[in-house]
Amino acid sequence: MSNQPRIIVIGAGIIGASIAYNLSRRTPNVTILDAAKPGMAASRASYAWMNARPKPPREYHALSRMGLDAWSRLERKLGGEIGITWGGEMRWTTTDEGAAELRDEVALMQSWSYPIRMLPADELRTMEPGLNADPVTAAAYGDAEGHVDNAIAIPGLLGAAIQNGATLKVDTPVDEFIREGNQITGVCTPSEAIEADYVVLAAGYSTKDLAATVGLDYPQIESPGATVVTEPIDPIFQTVACVHTPRDLPEPQMNFRQFPDGRVQVHGGTHFGSIGDDSVEDAEWMLSELEKFLPAIKGVAIDEWRRAMRPMPADGFPIIGFPLATPNLYVATMHSGVTLAAITGELAAMEIIVGARSDVLDPFRYERFSAD
Ligand SMILES: Cc1cc2nc3c(=O)[nH]c(=O)nc-3n(C[C@H](O)[C@H](O)[C@H](O)COP(=O)(O)OP(=O)(O)OC[C@H]3O[C@@H](n4cnc5c(N)ncnc54)[C@H](O)[C@@H]3O)c2cc1C
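Below you will find a few notes about this structure. Everything numeric in this text was worked out from a predicted model, so none of it was measured. (Residues numbered from 1 in each chain as written. Predicted model: local features only at pLDDT ≥ 70, side-chain atom pairs only at ≥ 80, totals over all residues. Heavy atoms only, no water.)

### Points about the packing of helix α1 (residues 14-24) against helix α9 (residues 337-354)
Helix packing for two helices is described by the angle between their axes and how far apart those axes are. The geometry of α1 relative to α9 is characterised by a closest axis approach of 8 Å and an angle of 40° between their N-to-C directions. Judged by the twist between their axes, the crossing of α1 over α9 is right-handed. Contacts from Ile 14, Ile 15, Ser 18, Ile 19, Asn 22 and Leu 23 in α1 reach Gly 337, Val 338, Ala 341, Ala 342, Thr 344, Gly 345, Glu 346, Ala 348, Ala 349, Ile 352 and Ile 353 in α9. Within the contact of α1 with α9, the residues separate by chemical class into 11 nonpolar, 5 polar and 1 charged. (Axes fitted to C-alpha atoms, helices over the stretch in contact; angles between N-to-C directions. Helix = DSSP H or I, 4+ residues; strand = E, 2+ residues; numbered from the N terminus. Left-handed = near helix turned anticlockwise from the far one by under 90°. Contact = heavy atoms within 4.5 Å. Nonpolar A, V, L, I, M, F, W, Y, C, P; charged D, E, K, R; others polar.)

### Observations regarding the pattern of salt bridges
Using the criterion set out here, one finds 22 salt bridges in the structure. The shortest N-O distance in the salt bridge between Glu 89 and Arg 91 comes to 3.1 Å. Given a relative accessible area of 0%, Glu 89 falls into the buried group. Overall, Arg 91 belongs to the buried group, its relative accessible area being 13%. Close ionic contact of Asp 315 with Arg 368 constitutes a salt bridge, the shortest N to O distance being 2.6 Å. In this pair, Asp 315 is assigned in the loop between β19 (302-309) and β20 (319-321) and Arg 368 in the segment after α9, connecting sequence segments 53 residues apart. (Salt bridge = Lys/Arg side-chain N within 4 Å of Asp/Glu carboxyl O. Buried < 20%, exposed > 50% of the residue type's maximum accessible area, 1.4 Å probe, protein only.)

### Let's talk about the packing of aromatic side chains
A full pass over the atoms with the stated rule returns 8 aromatic pairs. Among the aromatic residues, ring-to-ring pairing joins Tyr 60, Phe 317 and Phe 364 into one connected group. Looking at Arg 257, its charged tip hangs above the ring of Tyr 47, at a distance of 5.9 Å from the centre. Stacked on the ring of Phe 259, the Lys or Arg Arg 263 has its end atom at 4.4 Å from the ring centre. (Phe/Tyr/Trp six-rings, centres within 6.5 Å; stacked < 30°, edge-to-face > 60°. Lys NZ or Arg CZ within 6 Å of the ring centre and 35° of its normal.)

Quick look at the structure:
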């Protein structure tokens, strides 16, 4: 193997793009292959909220927290043009039970040294006069959080990788791996075979199927996700970047954010499935529900309805690293992949190029799913 290894990255979503960018800073021999166009799968549908709240156990919270810091570094490295909106997240409750749960959650995060605090109702209303938050039994604000526009971040990362010498091939699905024993020596696409010293498998939801072809088997939750994006409107927030509607009210539970160009993105549902189908009626229903909390959304036209399968290993945690059975195939698949993209890129590049093993990734190795 030469000093500058040849590396193939399968998948140009936010995870593959971040890993490819970080690899390209150390070797020019990076080839990124995407079955379609970059960033059009889960990363496009994503609500893309960067957060570490609370994400137990502590190890997962800590990795997510490192994820926020890594996004700040990435923003600096790429000169700020990476599509991030910082400003924190706000939520409130409407019942005494909900308030008690929120206080407990905030206390837990404070004990983990996370910058979050309870917010008096008056302060909430002063901070965000555009919200209809009534009644309020408790409120919280975590100011470390923000969101990313993957439509800016992914091209930004890939563009920087290409400037560093990487090659991007779109509409190029990887059909199979070329193997010699337990080594992956390349991949086959419909038009060619490409040799590599290392292969990074970051194909989102499809990672599971490709991994299975080399004997890696892990359970994945079937979790369809959907978000609605509106036409641009005037700024809806004065301080915060994202808001969660009260979790102690009946569904739909919604999260909403605003892109710098004024479009509002709404996500309704849980990790185990978003509310909604592909219909305009459904998207309109979600916006009419949001109107109760955000009066400014009334009558706003829907721009698009985004839908994708979440890459969600069955226990909800990432799989990152070289499985023992495939020592030169680096697997990186996860939900909360936007929160974790920047740190995953940094650590994956270090593990691949330097051969280091990052201890914060130890709880998230493939082996937790293997029989022995
Ligand atoms: C509705 C929704 C809301 C979400 N909200 C959040 C949130 O608030 N915060 C957060 O952190 N995360 C959130 N997530 C999760 C996050 O978006 C994902 O974890 C992340 O986008 C995964 O990125 P990825 O690059 O792994 O996968 P993807 O973005 O799915 O990209 C995978 C890429 O691999 C390519 N590919 C697939 N098969 C092949 C093949 N055989 N050969 C070549 N290329 C292939 C695809 O074309 C695609 O471009 C949300 C997800 C959804 C769907």
